[in-house]
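# Chains, contacts and geometry: an overview
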Amino acid sequence: MKRNKLSTEELIQGVLDGDRIVLSRAITLCESSRPVDIERSEALIKKVMPHTGNSIRIGITGVPGVGKSTFIEAFGNFVTAQGKRLAVLTIDPSSQKTKGSILGDKTRMEELSRNPDAFIRPSASGSTLGGVSSKTREAMLLCEAAGFDVIFIETVGVGQSETLVKGMVDFFLLLMLAGAGDELQGIKKGIMEMADALVINKADGDNIVKAKRAKAEYQSALHLFPPNPSGWIPHVKTCSALENKGMLEVWEMILKYKVETQSKGYFDHYRQQQQVNWFKESINDLLTMAFYSDESVNELLPDVLKQIETGNKDAVNAARELVQAFLKKSND
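The following refers to the structure shown. (Residues numbered from 1 in each chain as written. Predicted model: local features only at pLDDT ≥ 70, side-chain atom pairs only at ≥ 80, totals over all residues. Heavy atoms only, no water.)

Residues F279, I283 and L287 make up a contiguous nonpolar surface patch of roughly 300 Å² in combined accessible area. Following the sequence through the fold, F279 ends up in helix α13 (residues 266-292). Overall, F279 belongs to the exposed group, its relative accessible area being 53%. (Patch = residues over 30% accessible without salt bridge, like charges linked within 9 Å, V, L, I, M, F, W, Y side chains within 5 Å. Areas by Shrake-Rupley, 256 points an atom, 1.4 Å probe, with all protein chains shown as cover. Salt bridge = Lys/Arg side-chain N within 4 Å of Asp/Glu carboxyl O. Helix = DSSP H or I, 4+ residues; strand = E, 2+ residues; numbered from the N terminus. Buried < 20%, exposed > 50% of the residue type's maximum accessible area, 1.4 Å probe, protein only.)

Structure representation (structure tokens):
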């Protein structure tokens, strides 16, 4: 197969064959904003869709300094040792000034990056809220079509819209540090409510006692939250990614969650709801793209922006005028 220029059909076949180089190129295609690439990526996703849905999707987030990369590497190596093929989709924060991103996840997870049963794909978050790339869902589906059994999605960190991550995974894991009293002050209640499990990392050395105390405090705090629609009661675990301790307990907990929620019909129902939400998000994305690519909008936009900046127009009415101009042209 040629590596320099691949047709859509070659991309589809390469993904289904589990070719990692082709998989990377397919994800890059889906991340492109070029109209011709968007059309190809939509055709690609449509063709591989029947081969998706067979993995367990795990979202991993946590406070800065909690050791997400160390945990993902240790947990990822444990998962592959169980005979599973793992894809790790890591999101690097983009600079709001330069729009650039370091994309150094393979450097942060050197051992896992050399694991033949693991595939690590860093992506830039761009302007998307919640620490998740706008095309993470497509990347996840491509990895499933390529035969990966477990998908990790690592977010930038605890942000304003982690619901984006929760809305595309089966299990949402929140990494925490010991010192629960202080940590509870810095964690938004909504994020803890979304978590299917809290895992206290760095439970080693002098931190073991503090980690056990934090576990008890977190468990007490979780009882104050409303019941989970799935019927699952969020678990609190401790681990040491540095010493590879607690990985079995975390993995068994995730498997238990899958079995319990599948037996109640919630697991599949939740995935169906995610598809509906993706449909709604796609409508918003397509309308936004169509609006900003419209010639009449582009002609009016510079002058409208100047009038807003000088105070000659208020933002709401200016936006309404532009939308009406766009709709008028669409109806003509």
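Moving on from the model shown.
Before going further, it helps to spend a moment on helix α14 (residues 295-310). Helix length check: α14, at 16 residues, gives a terminal C-alpha distance of 24 Å against a target of 22 Å (1.5 Å per residue), a fit within 8%. Along α14, the sharpest change in direction is near 35° and occurs at L301; proline P302 comes one to four residues later. What α14 keeps buried is the set S296, V297, L301 and V304. In the segment just after α14, G311 is the residue with positive phi, at about 85°. (Expected span 1.5 Å × (residues − 1). Bend = angle between axes of the 7 residues up to and from the residue.)

So, on to the pairing of strand β7 (residues 235-238). The pairing of strand β6 (residues 197-200) with β7 spans 4 bridges and is classified as parallel. Residue pairing in the sheet places L198 in a bridge with V236 of β7. Assessed by its sense of winding, the connection that carries the chain from β6 through helix α11 (residues 208-222) to β7 is right-handed. (Pairing = 2+ DSSP bridges. Right-handed = clockwise from strand over helix to strand, strands pointing away.)

The phi dihedral of K202 falls on the positive side, at around 65°, and the residue is not glycine. Tracing the backbone shows K202 in the loop between β6 and α11. Owing to a relative accessible area of 36%, K202 belongs among the partly exposed residues under this scheme. You will see that N244, though not glycine, has its phi angle at about 55°, which is positive. Here N244 is to be found in the loop between β7 and α12 (247-263). Owing to a relative accessible area of 51%, N244 belongs among the exposed residues under this scheme.

Looking at where D204 falls in the secondary structure, it is placed in the loop between β6 and α11. In this structure, D204 is buried with no salt-bridge partner, the nearest side chain bearing the opposite charge being K245 at 7.8 Å. Setting aside residues up to four positions removed in sequence, D204 forms contacts with S240, L242 and E243. (Lys, Arg positive; Asp, Glu negative; His and termini not counted. Contact = heavy atoms within 4.5 Å.)

What follows concerns the pattern of salt bridges. Taken as a whole, this structure holds 10 salt bridges when the rule is applied. Residues K135 and E138 are paired through a salt bridge, measuring 3.7 Å at the closest nitrogen-oxygen approach. What makes K135 partly exposed here is its relative accessible area of 28%. E138 gets classed as buried once you look at its relative accessible area, which sits at 10%.

This part is about the pairing of strand β5 (residues 171-176). With 6 of 6 residues buried, β5 lies mostly within the body of the structure. The alternating pattern of β5 places F171, L173 and L175 and F172, L174 and M176 on opposite faces, both of which are buried. Bridging between strand β1 (residues 56-62) and β5 involves 5 bridges; their strand directions are parallel. Along β5, the bridge assignment pairs I60 with L173. Sheet topology note: the β5/β6 ladder contains 4 bridges and is parallel. Pairing of M176 across the sheet is with I200, part of β6.

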